[in-house]
Amino acid sequence: MAVVLCVGLTTVDVTQQVDEFPEPGEKMQSLAAFTSPGGPAANAATAVAALGHRAVLVTAAGADPLGALALRGLADRRVEVVDTAPEDFRIALSMVVVRAGDGERTVVSRNAGGHLPAVPADLPDLVAEADVLLLDGHLGPLALAAARSARGRGVPVVLDAGSWKPVLDDLLPLVDVAACSAAFPLTERAVHDRGVPLVIRTRGALPVTWSNRTTAGAAGAGTTPAGSAGPDGGPAVSAGEVPVTPVPVRDTNGAGDVWHGALAVALARREPVARAVAWANEVAAVRVRNPAERWVEELWRWRDSG
């Protein structure tokens, strides 16, 4: 069993499914509504646990009713939570609207809202127990402390690089694997130049590309010979791409988070890069073909069927 330590954001998601997104000022009745824990780190930890591995989540939830709801939901999902929220912390409420026809979503959230959680005293012990550390870049001081501890203990650090955050100037040099979204503003070469050996780029339904400037973990189908160019023309020891299998799409919210959780598990098992990416693609496909209220249960079933 792999142990993945996730550090970052937890929210409470209120998901409304609609036929079409409302126009400004328009009122409409949703087709369905569902409330659940959300946020990049929490969703990734949920995926890790649903895949049968140990998920430890260091986050900020708080003691108010919404924070308690998130903590109960995560416990039900078998995620071990270390809550670092200060006394006055209020968890972010994310309003998610999902279009029924194609699963496209719109999200409004305050995220961490500028709160700075405390760094738990046992963070070094939590890092030492982990096979992989997965960060989403939220809760910046906590992410930095975890990454520095991981670097000192030889624990691989994986970054969910969905968007630029100020902490990344200091965090990227401590990262071993940066999994970047299509919207992430830095090129693969620029991320490599900041000290990240393995850079992966997800692009929705398009193939996932990767480039690796180290020999470790670079084996697998789809590699290129040493000295070849990476996806953006920079030097790479190995590089490749992995196709995304088309599936019927019901809900895309959190699909990237689930993908990152699966990638962390695969890397903890020391899978070659191409195989790790392919498996993460399969796991994310389970997320997108199920609505918010069913994806966790369906991921458990998918794991058991395989």
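Not measured: the values here are computed from a predicted model.

Here we take up the pairing of strand 10 (residues 177-180). Here strand 10 shows two buried faces, one formed by Val177 and Ala179 and the other by Ala178 and Cys180. Relative to strand 10, strand 9 (residues 157-161) is paired through four bridges, and the arrangement is parallel. Residue pairing in the sheet places Ala161 in a bridge with Cys180 of strand 10. Bridge count for strand 10 against strand 11 (residues 198-203) is four bridges, and the pairing is parallel. Looking at strand 11, one finds that Val177 is bridged to Leu198. At this point the chain moves from strand 10, through helix 6 (residues 188-193), to the parallel strand 11, and the crossover so formed is right-handed.

Looking now at empty space enclosed by the protein. Applying the stated rule across the entire model yields two cavities of 30 Å³ or more. Space inside the largest cavity adds up to approximately 110 Å³. Lining the largest cavity are 14 residues, and of these Asp13, Asn43, Asn253, Arg287 and Trp295 sit closest to its centre. Those elements that place two or more of their residues in the lining of the largest cavity are strand 2 (11-18) and strand 3 (32-38). Of the residues belonging to the lining of the largest cavity, the class tally is five nonpolar, five polar and four charged. The volume enclosed by the second largest cavity comes to roughly 30 Å³. In terms of lining residues, the second largest cavity is bounded by Cys6, Pro40, Ala41, Ala44, Leu134, Leu135, Asp136, Asp160 and His260. Counting only elements with at least two residues in the lining of the second largest cavity, the list comes to helix 1 (40-50) and strand 8 (132-135). No other element matches helix 1, which puts three residues into the lining of the second largest cavity. Its residues assigned to classes, the lining of the second largest cavity comprises six nonpolar, one polar and two charged.

Attention now goes to the nonpolar core. Counting residues in each nonpolar core, the largest one holds 48 residues, and the members touching the most others are Cys6, Leu57, Ile200, Trp259, Leu263, Val277 and Leu299. With residues up to four places along the chain from it excluded, the contact list for Leu299 reads Ala47, Ala50, Leu51, Val283 and Val286. One finds Ala61, Leu172, Val191 and Val199 within the second-largest nonpolar core, a separate group that totals 43 residues.

We now examine the confidence of the model for the protein chain. Looking at the protein chain as a whole, its pLDDT mean stands at 91, while 92% of the residues score no less than 70. With pLDDT under 50 throughout, residues 216-228 is counted as low confidence; its partners more than four residues away or in other chains account for 33 contacts.

Moving on to the sheet that holds strand 10. If you walk across this open sheet you meet the nine strands as 5-4-1-8-9-10-11-12-13, and the pairing is mixed. A single partner strand is all that each edge strand has here, and the edge strands are strand 5 (80-83) and strand 13 (238-242). Sheet twist, expressed as the average angle between the axes of neighbouring strands with direction ignored, equals 15°. Across the sheet, helix 7 (residues 255-268) is in contact with strand 1 (3-7), strand 8, strand 9, strand 10, strand 11 and strand 12 (206-212); its angle to strand 8 comes to roughly 165°.

Turning next to the packing of aromatic side chains. Counted under the stated rule, the structure contains two aromatic pairs. On the numbers, 6.1 Å between centres and 40° between planes, the contact of Trp164 with Phe184 is tilted. Highlighted residues: Trp164 in the loop between strand 9 and helix 5 (168-171) and Phe184 in the loop between strand 10 and helix 6, separated in sequence by 20 residues. Judged by relative accessible area, which is 32%, Trp164 ranks as partly exposed. Exposure remark for Phe184: the relative accessible area of 3% places this residue in the buried category. Centroid distance Trp279 to Trp302: 6.4 Å. Interplanar angle 45°. Geometry classified as tilted.

Right, let's talk about the sheet that holds strand 2 for a bit. Overall, mixed pairing links the four strands, which are arranged 3-2-6-7 in an open sheet. Pairing within the sheet leaves two strands with one partner each, and these edge strands are strand 3 and strand 7 (105-108). Across the sheet, the mean angle from the axis of one strand to that of its neighbour is 20°, orientation sign disregarded. Bridging between strand 2 and strand 6 (residues 92-99) involves eight bridges; their strand directions are parallel. Within strand 6, the residue paired with Val14 across the bridge is Met95.

Thresholds applied
Residues numbered from 1 in each chain as written. Predicted model: local features only at pLDDT ≥ 70, side-chain atom pairs only at ≥ 80, totals over all residues. Heavy atoms only, no water. Buried < 20%, exposed > 50% of the residue type's maximum accessible area, 1.4 Å probe, protein only. Helix = DSSP H or I, 4+ residues; strand = E, 2+ residues; numbered from the N terminus. Pairing = 2+ DSSP bridges. Right-handed = clockwise from strand over helix to strand, strands pointing away. 1 Å grid on protein atoms, 1.4 Å probe; cavity = no way out; pocket = protein on both sides within 12 Å on 5 of 7 lines; lining within 4 Å. Points joined across faces, edges and corners; volume = space filled by probe spheres on them. Nonpolar A, V, L, I, M, F, W, Y, C, P; charged D, E, K, R; others polar. Core = buried A, V, L, I, M, F, W, Y, C linked by side-chain atoms within 4.5 Å. Contact = heavy atoms within 4.5 Å. pLDDT = per-residue confidence, 0-100. Axes fitted to C-alpha atoms, helices over the stretch in contact; angles between N-to-C directions. Phe/Tyr/Trp six-rings, centres within 6.5 Å; stacked < 30°, edge-to-face > 60°.

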